[in-house]
Amino acid sequence: MSFVPPGTGWPEDPATADTPVALDPADVRRLAATSGTLAELTAGQSVCRACPRLVEWREQVADVKRRAFADQTYWGRPVPGWGDEQPRILIVGLAPAAHGGNRTGRIFTGDRSGDWLFASLHRTGLAVQETSTHAGDGQELIGARVLASVRCAPPANKPTPSEKAACFPWMAREVRLVAPYVRVVVALGGYAWQAVWPALKDAGYELPRSRPPFGHGAEVGIRYTGAPVTLVGCYHPSQQNTFTGRVTAQMLDDVFTRARSLAV
């Protein structure tokens, strides 16, 4: 088996054997729109099979594995949003890593980007542990939630336009369900900055006429049902960015410290 069947005991698995499976983009739109709770939505996200190329890739990776993880079972399914169900801070990334979230079943968990992200969240009071290594490891977010704009690990970390569009309803519905609580949205990287904009609009946020350019530390004031919300840009803690010094631990801490102050 090249993926973990839903409801078979994987820690934090939101789905069961009876969870409806989206087989095409129309199914995604229908199931996302009719999900009334985060539990129902994340269950549906975690079993989606709407994009054949992504399904083939994530399951191939789970079957072949990386040598360092050859003795491990890979999740091999879409990686749902995770964290506080009433978050003040919503953190948006691009997609799970092939040997990170696609292996562990939790977003930003088990890869170098996640090592940097969770360490910063812990230092700034948004996570109970400094590491996130596997589902069920005791990690919890405090007033924060993390999601990806695309839920499956894509080849070369590059989802196609049609795959982004197919996955969009999952993100848009999640943004809508948590919108009453969110006061800060942190976009990790330029693509997340672009991808979350239409999701915010779909959720009913009041946005500027045009999307401002992305930048590290950039802030955009938006509103939800009259309440102020801030969209904040943050360079992605990718291996390339951290190795080259484009992103430092202090830069991440500054963004999340600022997000906490805005979320009060």
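Up top you'll find the structure we're talking about.
Quantities reported herein were computed from a predicted structural model and do not represent experimental measurements.

Rules used throughout
- Residues numbered from 1 in each chain as written.
- Predicted model: local features only at pLDDT ≥ 70, side-chain atom pairs only at ≥ 80, totals over all residues.
- Heavy atoms only, no water.
- Helix = DSSP H or I, 4+ residues; strand = E, 2+ residues; numbered from the N terminus.
- Polar contact = N/O pair within 3.5 Å; in protein donor to acceptor, adjacent residues only side chain to side chain.
- Pairing = 2+ DSSP bridges.
- Contact = heavy atoms within 4.5 Å.
- Axes fitted to C-alpha atoms, helices over the stretch in contact; angles between N-to-C directions.
- Buried < 20%, exposed > 50% of the residue type's maximum accessible area, 1.4 Å probe, protein only.
- Phe/Tyr/Trp six-rings, centres within 6.5 Å; stacked < 30°, edge-to-face > 60°.
- Lys NZ or Arg CZ within 6 Å of the ring centre and 35° of its normal.
- Parallel < 35°, antiparallel > 145°, perpendicular 65-115°, else oblique.
- Left-handed = near helix turned anticlockwise from the far one by under 90°.
- Salt bridge = Lys/Arg side-chain N within 4 Å of Asp/Glu carboxyl O.

**Comments concerning the side chain of Ser120**
Thought 1: Summarising the element assignment, Ser120 is placed in helix 5 (residues 112-123).
Thought 2: Side chain to side chain, Ser120 and Asp253 meet in a polar contact 2.7 Å long.

**With respect to the sheet that holds strand 1 (residues 82-83)**
Thought 1: Spatial ordering of the open sheet is given by 1-3-2-4-6-5, a layout of six strands whose pairing is mixed. Two strands in the sheet have a free side with no partner beyond their single neighbour: strand 1 and strand 5 (219-224).
Thought 2: Pairing of strand 2 (residues 89-93) with strand 4 (residues 184-188) involves four bridges; the strand directions are parallel. Pairing of Val92 across the sheet is with Ala187, part of strand 4.
Thought 3: The strands touched by helix 9 (residues 249-263) within the sheet are strand 2, strand 4, strand 5 and strand 6 (227-234), with strand 4 carrying the most contacts at an inclination of about 160 degrees.

**Thoughts on the environment of Glu140**
Thought 1: Tracing the backbone through its elements, the reader meets Glu140 in the loop between helix 5 and strand 3 (144-148).
Thought 2: Placed 57 residues apart in sequence, Glu140 and Gly83 show a C-alpha to C-alpha distance of 6.6 Å.
Thought 3: If sequence neighbours within four positions are ignored, Glu140 has contacts with Trp82, Leu126, Ala127 and Val128.

**A look at unusual backbone geometry**
Thought 1: One non-glycine residue, Phe108, lies in the positive phi region at around 60 degrees.
Thought 2: At Asn157, a position not held by glycine, the phi torsion is positive, near 60 degrees.
Thought 3: With respect to the helices and strands, Asn157 occurs in the loop between strand 3 and helix 6 (161-178).
Thought 4: For Asn157, a relative accessible area of 42% corresponds to the partly exposed category.

**Topic: the packing of aromatic side chains**
Thought 1: Within the structure shown, the criterion is met by five aromatic pairs.
Thought 2: Both rings, one in Trp82 and one in Phe118, keep their centres 6.2 Å apart while their planes meet at 65 degrees; by these two values the pair is edge-to-face. Placement of Trp82 in strand 1 and of Phe118 in helix 5 is noted, with a sequence separation of 36 residues between them. Of the two residues, Trp82 and Phe118, neither departs from the other in class, the shared state being buried.
Thought 3: Considering the side-chain rings of Tyr205 and Tyr224, the 5.0 Å spacing of their centres and the 45 degrees angle between planes classify their relative orientation as tilted. Of this pair, Tyr205 sits in the loop between helix 7 (190-202) and strand 5 while Tyr224 is found in strand 5, placing the two residues 19 residues apart along the sequence. Neither Tyr205 nor Tyr224 differs from the other in exposure class; each is buried.
Thought 4: One aromatic cluster is present, built from ring pairs that chain together Trp193, Phe214 and Tyr235.
Thought 5: Sitting over the face of the ring of Phe69, Arg103 holds its NZ or CZ atom 3.7 Å from the ring centroid.
Thought 6: Geometry around Tyr235 places Arg246 over its ring, the cationic atom sitting 4.0 Å from the centre.

**Thoughts on the packing of helix 2 (residues 38-45) against helix 6**
Thought 1: Closest axis-to-axis distance for the helix 2/helix 6 pair is 10 Å, and the angle between their directions is 165 degrees. On the basis of their axis angle, the class for helix 2 and helix 6 is roughly antiparallel. Relative to helix 6, the crossing made by helix 2 is left-handed. Seen from helix 2, the contacting residues are Leu38, Leu41, Gly44 and Gln45; seen from helix 6, they are Trp170, Arg173, Glu174, Leu177 and Val178.

**Some points on the side chain of Arg151**
Thought 1: Following the sequence through the fold, Arg151 ends up in the loop between strand 3 and helix 6.
Thought 2: Judged by relative accessible area, which is 1%, Arg151 ranks as buried.
Thought 3: Among the polar contacts listed, one links the side chain of Arg151 to the side chain of Gln45, at a separation of 2.9 Å.
Thought 4: Side-chain polar atoms of Arg151 contact the side chain of Glu174, separated by 3.0 Å.
Thought 5: Aside from chain neighbours lying at most four places away, what touches Arg151 is Gln45, Pro78, Val79, Pro80, Gly81, Pro96, Cys167, Trp170, Met171 and Glu174.

**Structural notes on the pattern of salt bridges**
Thought 1: Inspection of every chain in the model, using the stated rule, returns eleven salt bridges.
Thought 2: Asp253 is the partner of Arg123 in a salt bridge, and the nearest nitrogen-oxygen pair spans 2.8 Å. Here Arg123 is found in helix 5, whereas its partner Asp253 is found in helix 9, with 130 residues between them in sequence.
Thought 3: In this structure Arg123 comes out as partly exposed when scored by relative accessible area, which is 44%.
Thought 4: A salt bridge links Glu174 to Arg151; the shortest N-O distance between them is 3.0 Å. Here Glu174, found in helix 6, pairs with Arg151, found in the loop between strand 3 and helix 6; they are 23 residues apart in sequence, far enough to count as distant. Across this residue pair, the class does not change: Glu174 and Arg151 are buried.
Thought 5: Here the salt bridges do not stand alone but share partners, grouping Glu12, Arg106 and Asp137 into one network.

Purely geometric numbers; function is a separate question.
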